[in-house]
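# Topology and contacts: notes
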Amino acid sequence: MQNMLYLVLAIVFSTGVFVAMRLFERFKLDNHQALMWNYVFAASTGFLMCKQLDTPVQLVNEPWFGLSLLTGFWFIFTYLLMTASTQRSGVTITSLSSKLSVVLPTLAGVIYFKEKLGIVAALGIVLALVALVLVVGGKGKADKGAKSSWLLPVFIFFGTGTGDILMKLTEQQNASDDMSFMIAFIYFVALLFGILIVAYDLIRGKSKWQWTSAIGGIGLGVINFFSTYSVYHAMRCFDNVVLFPIYNIGVVSLTALTGWLLFKEKLTWKNYLGLAIAIIAVILITLKP
């Protein structure tokens, strides 16, 4: 029961991240500054939850130290890729390419982590991909003003999938029951890169300092930490071939329903069909061979 709780919380908190970022747009917050503050509060939340803090020497000697540096960089690198792709290729294509990247950690689960994949579960994963296409890409109309660009969505596909694999690798390197310190450190690394980006924007005159972004960053940071915290603990309960397909279609489906309820976004028949297929996919994936 506790295993399923982590998965459900991961889906709920990750959906909360999308809702918070949607509110950034509504209140016209500076995305880069809000992202930086998000990392401030995500890292702070993690450090406050730690049962014990490592000394600098202990930190460097942690088996996950090198991977955590790469993962922290990858968090913000992927975000910048998604921002660029959204501007050039549109929200729909960017969202779809990021969600279809579930193929990569799933394949890694079978090939690298030697996880078993039955025929029924494999069919469920195929249906999950179909559901993702219908829910994310079934809006009917292309994004207005989006230019035709295939290169960035391809980078998003491989970037997001690689990020999921990095998280799995760091989780495997952490033998501690409490992963709060590792997660906090990953967000701290991302924060350092976030500070550089904001400083560059301010120096080049691309933006002005905006204290209201800190307010948005508080909410996003706390939600973001618990999203990552739940995902990491869910990794210890489920194989990649089960976790990532269910997690992705869960987030996409709940985000679609939240958009419909909170932001009055219209759902097409393709979206409803995708949600129905998603339910079937989850059932098939969770069936034991």
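First, a word on what this report is: a plain description of the structure on this page. Just so you know, these numbers come straight off a predicted model, no measurement behind them.

## Side note on the overall build of the chain
Check the secondary structure of the chain and you find 12 helices and 0 strands. Each helix and strand of the chain, ordered N terminal to C terminal, gives the series α-α-α-α-α-α-α-α-α-α-α-α. The C-alpha radius of gyration computed for the chain amounts to 19 Å, which stays within 12% of the reference 19 Å derived for 289 residues, consistent with globular compactness. Taking the principal axes of the C-alpha coordinates as reference, the chain spans close to 50 × 45 × 35 Å. Residue burial in the chain is summarised as follows: out of 289 residues, 49% are buried. Summarising the internal contacts of the chain: among those between residues at least 6 apart in sequence, 91% fall at separations of at least 24. Here the chain displays about 14900 Å² of accessible surface, and carbon together with sulfur accounts for 70% of that area. Here the chain holds 21 positive side-chain charges and 13 negative ones, and the gap between their average locations is 13 Å.

## Regarding the packing of aromatic side chains
One pass over the structure, following the stated rule, counts 19 aromatic pairs. With a centroid separation of 5.5 Å and 15 degrees between ring planes, the pair formed by F73 and F77 is classed as stacked. Of this pair, F73 and F77 both sit in helix α4 (residues 65-89), 4 residues apart, which is roughly one turn of the helix. Residue class for F73 comes out partly exposed when judged on its relative accessible area of 29%.

## Remarks on the nonpolar core
Core analysis: the largest hydrophobic core is formed by 63 residues, its most contacted members being Y39, Y187, Y232, L243 and Y247. Mapped onto this core, the elements with two or more residues apiece are α1 (2-26), α2 (31-49), α4, α7 (119-137), α9 (180-203), α10 (212-235), α11 (240-262) and α12 (269-286). The dominant element in this core, judged by the number of residues it contributes, is α9, at 11 residues. Here L243 is in contact with L7, V231, A234, M235 and F238, once residues within four sequence places are set aside. Within the second largest apolar cluster, 6 residues are counted, among which are V17, F24, L29 and L220.

## Remarks on the pattern of salt bridges
Summed over the entire model, instances satisfying the criterion amount to 2 salt bridges. Of the charged contacts in the structure, one is a salt bridge between R236 and E171, with a shortest N-O distance of 3.1 Å. Taken together, the residues span a long stretch of sequence, with R236 in the loop between α10 and α11 and E171 in helix α8 (residues 151-173) at a distance of 65 residues. In this structure R236 comes out as partly exposed when scored by relative accessible area, which is 33%.

## Structural notes on the environment of D54
With respect to the helices, strands and loops of the structure, D54 is situated in the loop between α2 and α3 (56-61). Along the sequence, D54 and M182 sit 128 residues apart, while their C-alpha atoms lie 9.7 Å from each other.

## Here's the deal with unusual backbone geometry
Among all residues except glycine, the phi angle is most often negative; among peptide bonds, the trans geometry is most common. Positioned with a positive phi, K28 is a non-glycine residue whose angle comes to about 55 degrees. Topologically, K28 is positioned in the loop between α1 and α2. Backbone geometry places K114, a non-glycine residue, at a positive phi of 60 degrees. Within the secondary structure, K114 sits in the loop between α6 (103-111) and α7.

## Thoughts on a nonpolar patch on the surface
Together, L107, V110, I111, Y112 and L117 make up a nonpolar patch on the protein surface, roughly 480 Å² of accessible area in all. Here L107 lies in helix α6.

## Quick notes on the side chain of Q33
By secondary structure assignment, the location of Q33 is in helix α2. For Q33, a relative accessible area of 0% puts it in the buried group. A distance of 2.8 Å separates a polar side-chain atom of Q33 from the backbone oxygen of K208. Apart from residues no more than four positions distant in its own chain, Q33 is found in contact with V198, L202, S207, K208, W209, Q210 and S213.

## A short note on the packing of α9 against α10
α10 packs onto α9 with a crossing angle of 130 degrees between their chain directions and a minimal axis gap of 10 Å. As far as their axial angle goes, α10 and α9 are oblique. The two elements α9 and α10 cross, and the hand of that crossing is right-handed. Where α9 approaches α10, its residues S180, M182, I183, A184, I186 and Y187 are matched on the opposing element by N224, F225, T228, Y229 and Y232. For the contact of α9 with α10, the per-class residue count stands at 8 nonpolar, 3 polar and no charged.

## Quick notes on the side chain of E171
The exposure class of E171 is buried, given its relative accessible area of 8%. In this structure the side chain of E171 is engaged in a polar contact, spanning 3.1 Å, whose partner is the side chain of R236.

Thresholds applied
- Residues numbered from 1 in each chain as written.
- Predicted model: local features only at pLDDT ≥ 70, side-chain atom pairs only at ≥ 80, totals over all residues.
- Heavy atoms only, no water.
- Helix = DSSP H or I, 4+ residues; strand = E, 2+ residues; numbered from the N terminus.
- Rg over C-alpha atoms; globule rule 2.2 N^0.38 Å.
- Buried < 20%, exposed > 50% of the residue type's maximum accessible area, 1.4 Å probe, protein only.
- Contact = heavy atoms within 4.5 Å.
- Areas by Shrake-Rupley, 256 points an atom, 1.4 Å probe, with all protein chains shown as cover.
- Lys, Arg positive; Asp, Glu negative; His and termini not counted.
- Charge placed at Lys NZ, Arg CZ, Asp CG, Glu CD.
- Phe/Tyr/Trp six-rings, centres within 6.5 Å; stacked < 30°, edge-to-face > 60°.
- Core = buried A, V, L, I, M, F, W, Y, C linked by side-chain atoms within 4.5 Å.
- Salt bridge = Lys/Arg side-chain N within 4 Å of Asp/Glu carboxyl O.
- Patch = residues over 30% accessible without salt bridge, like charges linked within 9 Å, V, L, I, M, F, W, Y side chains within 5 Å.
- Polar contact = N/O pair within 3.5 Å; in protein donor to acceptor, adjacent residues only side chain to side chain.
- Axes fitted to C-alpha atoms, helices over the stretch in contact; angles between N-to-C directions.
- Parallel < 35°, antiparallel > 145°, perpendicular 65-115°, else oblique.
- Left-handed = near helix turned anticlockwise from the far one by under 90°.
- Nonpolar A, V, L, I, M, F, W, Y, C, P; charged D, E, K, R; others polar.

Shape is all these values report; function is a separate question.
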